[in-house]
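What follows is the residue order along each chain.
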Amino acid sequence: MQSLNPQQQQAVAHIEGPMLVLAGAGSGKTRVVTYRIAHLLDIGVLPSDILAVTFTNKAAEEMRTRIRMLKSAHILTCTFHSLGARILRESIGHLGYLNDFTIYDEEDSEKLLKSCLEQLNISNEKGLLRQIRNAISTAKNNLSDNIEAYPEVYDLYQTKLRESQALDFDDLLYLTVKLLKEHESVRQEYQKRWLFLLIDEYQDTNAAQYHIAKLLSEQHHNLFAVGDPDQSIYSWRGARYQNILNFESDFPGARIITLDQNYRSTNTILQAANALIQHNANRYEKKLWSQIGEGDKIGIFIAQTERAEADFVAKQILKHALDQHISFNEIAIFYRTNAQSRAFEDALLSRKINYTLIGGLSFYQRREIKDILSLLKMVISNADLLAWLRTINLPKRGLGPTTLEKITLAASKNGTPIFTFSEQLLERPHADVKLSGKQLQGLTDYVKLIHHLRARRPSIPLHELISEAISESRYLSYLEEDAETCQDRKENLNELIGKASEWEKEQPQPSLSRFLEELSLNAHVEEDDYVPSVKLMTLHNSKGLEFNVVFLAGLCEDLFPHINSKDSEEAIEEERRLCYVGMTRAKRHLYLCSSLYRFTWGAEQRMEPSRFLKEVPAQYLQNFSPVLHTIQEESDYSGFTTGDRVLHQEFGEGIVKKAYQGTFGLTYEVYFPSHNLTRNLAAKYAKLVAVNSRPLA
DNA sequence: ACCACTAGGATTTTT
DNA sequence: TCCTAGTGGT
């Protein structure tokens, strides 16, 4: 307790009733949550009475380990989605579903939706598929069961999900709310199970998540919510930061505590971030402060091209690593869209800097992994249509799209699960499905393969089952058709086997179904820390993390803020919050980078520097850019141009005569009247300071 | 049914 | 620039 400030202490000591902690960036939020859990345990609350819900798997993991550092108890920490999966696994029967449903990820549900469009003869023009997917997702997250456009697609999609005995990600929330709302006994059961409920990142809860929180805490009222409205960045996923502002009225008797002392960043970084977020009209005033001291100025770099931008970042990373002995693990590059990562990967690779790409296409989303996992899904399920479609013709068994459509349609008409239907087809022919001898043989092989794996499942460990699935299906010979990618893919499969056996060792009761469930909800938990590496990620992925050195890249108008957010001030404000989140991840060194030209879709495009650059006052900035005049015209960055007055440590006041790119990077030719001396000074070595008001004598 | 080739569309952000 | 859906030949 003594290591906490008074506000933190109050939050930690809070026991019963609703509480909202408005926790600014870096204000020790995780610490407060973990200490409070420890405190609850100290006063005799059982570990099993406590439920902590976070926003990402990573955050859940982090919280679990932080709690374990304090207490040896096991506290259930999970995301809303995995909480939903857990509840539904136990109780979905009340809604008329079977409880051994499979979970479809984004790719799966998009494929399923695509098949719906095809079946209804609706062509996927102008990203209609995506639009409908978003509409369905939004509807479910807002707890509505219809959409305006193409309701028939929604209906068919739901029907197909049910036929496949599958739930999509949004169902995990939507159906949980439905279950808790409509079945009082079920609701009471879960209200009794968890007497203390903690929710992190409360500003990013959507309607469904909000209702889960409300329903679960209705009896005991012990809801402890933590969040920061300035860090709400998921409105496009239905998040409503208003939830945090309405907390007092939603949960009568709520106490509210604000944490505004920042323990992470230098004052320069905080002031700059504060200044930026001030440009948002819709916000509750809160000013972070810190005792860490002023620290370095924020580096600004406007490159000519995105390549040059990446080069600067790579160079600067090496400089920090070599000069200040900062580990690569303490350095991160953030960008707005995943596609931006490539330039940085190239630059880091060419300098042999280890890096880890966070997010993006994860291991478990790779084709070969999903193929084999789908095969394993068929071991468990008779109904999983997508897993069946994915594996039935791998390797080629003579069953092409036309035949598959006939089979799936007939199975659907029959009301028979797809695999069961396949088995029946072998025994007696079906009027609508005529198969050639070759096709019949192929289908027989497939059914035999699944039967074989099903028979083997009880007697061999999981990782052996996986390698048997690979060998028995002759998957490797299929991979060998593409010589270029074959080696990589084989290695990935080996890694999958390795990961499975590792997982088996850790689990008290390993089973195939648990393994698959964990993977579908926890698709990226990788990351080996053995080799220090620079972390590359989107700004969204950066939430909740901190690094000694942060590069915020691609600060170009239309990229960040993104072009799609231009038509509404609300959306621009969310982009600004995203920028705020990025800046406040930095502990000591922050760089804001941009470029004047950028390759998009193969063509070079002129970009304007982001408005966010101009919203950070020049006094906090230090310009590293080579193209001074361009920048000076366009905004008020620090950095010097001809005519600027500067102060030098040794020579005193001087005037910049020229700025140019020298051997040591940006260089100034400066005249010092008091010494009657002209010197060429490299910007990175001579620490020149701006002299603002006073003219030279 | 499968293969090879081509034209046109794509990039926001995530559980 | 890269990926994928669509086309036409075998």
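See the structure printed just above.
Here's what I pulled together on the structure shown here. (Residues numbered from 1 in each chain as written. Chains lettered and ligands numbered in written order. Predicted model: local features only at pLDDT ≥ 70, side-chain atom pairs only at ≥ 80, totals over all residues. Heavy atoms only, no water.)

Within chain A, the regular secondary structure consists of 28 helices and 24 strands. Taken over C-alpha atoms, the radius of gyration comes to 29 Å for chain A, in line with the 26 Å a tight globule of 697 residues would show. For chain A, the spread of C-alpha atoms along the principal axes amounts to about 105 × 60 × 50 Å. Going through the 697 residues of chain A one by one, you find that 54% of them count as buried. Look at the contacts in chain A between residues 6 or more apart in sequence, and 72% of them connect residues 24 or more apart. On chain A, roughly 32,000 Å² of surface is accessible, and the fraction owed to carbon and sulfur atoms is 49%. In chain A, 80 side chains carry a positive charge and 90 a negative one; their mean positions are 2 Å apart. (Helix = DSSP H or I, 4+ residues; strand = E, 2+ residues; numbered from the N terminus. Rg over C-alpha atoms; globule rule 2.2 N^0.38 Å. Buried < 20%, exposed > 50% of the residue type's maximum accessible area, 1.4 Å probe, protein only. Contact = heavy atoms within 4.5 Å. Areas by Shrake-Rupley, 256 points an atom, 1.4 Å probe, with all protein chains shown as cover. Lys, Arg positive; Asp, Glu negative; His and termini not counted. Charge placed at Lys NZ, Arg CZ, Asp CG, Glu CD.)

Attention shifts here to the state of the cysteines. Across all of its chains, the model carries 0 disulfides by this definition. Looking at cysteine 556, it has no disulfide partner, and the nearest cysteine sulfur is the one in cysteine 593, 10 Å off. (Disulfide = S-S within 2.5 Å.)

This part is about the sheet that holds strand β13 (residues 355-357). With parallel pairing, the 7 strands of this open sheet are ordered in space as β13-β14-β12-β15-β16-β11-β19. Taken across any chain shown, the strands that pair with only one partner, and hence form the sheet edges, are β13 and β19 (621-623). For this sheet, the mean angle separating the axes of adjacent strands, direction not counted, is 25°. The pairing of strand β11 (residues 298-303) with β19 spans 3 bridges and is classified as parallel. Residue pairing across strands places glycine 299 opposite glutamine 622, the latter belonging to β19. (Pairing = 2+ DSSP bridges. Axes fitted to C-alpha atoms, helices over the stretch in contact; angles between N-to-C directions.)

Once that is clear, we can look at the nonpolar core. Of all hydrophobic cores here, the largest spans 67 residues; its most connected members are Leu373, Trp388 and Ile466. With 7 residues, helix α16 (residues 367-380) is the single largest residue contributor to this core. If we ignore the near neighbours within four places in the chain, the residues touching leucine 373 are Tyr364, Leu496, Phe515, Leu516 and Leu519. Of all hydrophobic cores here, the second largest spans 43 residues; its members include Leu22, Leu51, Tyr210 and Ala225. (Core = buried A, V, L, I, M, F, W, Y, C linked by side-chain atoms within 4.5 Å.)

On inspection of all chains with the given rule, the structure shows 44 salt bridges. In this structure, lysine 29 and aspartate 200 form a salt bridge, with 3.5 Å as the shortest nitrogen-oxygen distance. One end of the pair, lysine 29, is in helix α2 (residues 29-42); the other, aspartate 200, is in the loop between β6 (196-199) and α10 (207-217), with 171 residues separating them in the sequence. Aspartate 200 carries the same exposure label as lysine 29, and that label is buried. Each of the salt bridges in this network shares a partner with another, and the network as a whole consists of Asp105, Glu107, Asp108, Lys111, Lys370, Asp371 and Arg390. (Salt bridge = Lys/Arg side-chain N within 4 Å of Asp/Glu carboxyl O.)

This part is about the packing of helix α6 (residues 128-141) against helix α8 (residues 169-182). A packed helix pair is summarised by two numbers, namely the angle formed by the two axes and the spacing between the axes. The interhelical angle for the contact between α6 and α8, taken along N-to-C directions, is 25°, at an axis separation of 8 Å. Relative to α8, the element α6 lies roughly parallel. The way α6 lies across α8 gives a crossing that is left-handed. Contacts between α6 and α8 involve Arg133, Ser137, Lys140 and Asn141 on the former and, on the latter, Asp170, Asp171, Leu173 and Tyr174. Residue composition of the contact of α6 with α8, by class: 2 nonpolar, 2 polar and 4 charged. (Parallel < 35°, antiparallel > 145°, perpendicular 65-115°, else oblique. Left-handed = near helix turned anticlockwise from the far one by under 90°. Nonpolar A, V, L, I, M, F, W, Y, C, P; charged D, E, K, R; others polar.)

All right, on to the protein's contact with DNA strand B then. Residues in contact with DNA strand B amount to 29 residues; listed here are only the nearest, His81, Glu106, Arg237, Arg336 and Asn338. Sugar and phosphate atoms represent 46% of those atoms of DNA strand B found within 4 Å of the protein. Within the contact set of DNA strand B, a base oxygen lies 3.1 Å away from a side-chain nitrogen or oxygen of arginine 237. The separation between a phosphate oxygen of DNA strand B and a polar side-chain atom of threonine 538 is 2.8 Å. For the surface near DNA strand B, the secondary-structure elements that each account for two or more residues are α18 (401-414) and α25 (539-542). Across the surface near DNA strand B, the residue classes tally to 6 nonpolar, 18 polar and 5 charged. (Near = heavy atom within 4 Å. Polar contact = N/O pair within 3.5 Å; in protein donor to acceptor, adjacent residues only side chain to side chain.)

Our focus in this paragraph is the sheet that holds strand β1 (residues 19-23). With respect to topology, 6 strands assemble into an open sheet ordered β3-β2-β6-β7-β1-β8, the strand pairing being parallel. Each having just a single partner strand, β3 (76-79) and β8 (255-259) make up the two edges of the open sheet. Pairwise comparison of adjacent strand axes, ignoring direction, gives a mean angle of 15° for this sheet. Relative to strand β7 (residues 223-227), β6 runs parallel, the two sharing 3 bridges. Residue pairing in the sheet places isoleucine 199 in a bridge with alanine 225 of β7. Sheet contacts for helix α4 (residues 80-91): β2 (50-54), β3 and β6; angle to β3, the most-contacted strand, approximately 110°.

As a further point, take the packing of aromatic side chains. The full count for this structure, using the stated rule, is 15 aromatic pairs. Both rings, one in phenylalanine 551 and one in tyrosine 591, keep their centres 4.6 Å apart while their planes meet at 10°; by these two values the pair is stacked. Here tyrosine 591 lies in strand β16 (residues 586-595) and phenylalanine 551 lies in strand β15 (residues 547-552), a separation of 40 residues in the sequence. For the pair formed by phenylalanine 551 and tyrosine 591, the shared burial category is buried. (Phe/Tyr/Trp six-rings, centres within 6.5 Å; stacked < 30°, edge-to-face > 60°.)

Turning next to the side chain of threonine 77. Mapped onto the secondary structure, threonine 77 falls in strand β3. Only 3.3 Å separates the side chain of threonine 77 from the backbone oxygen of alanine 60, close enough to count as a polar contact. Residues contacting threonine 77, with those up to four places away along its chain left out, are Ala52, Ala60, Met63, Arg64 and Ile67.

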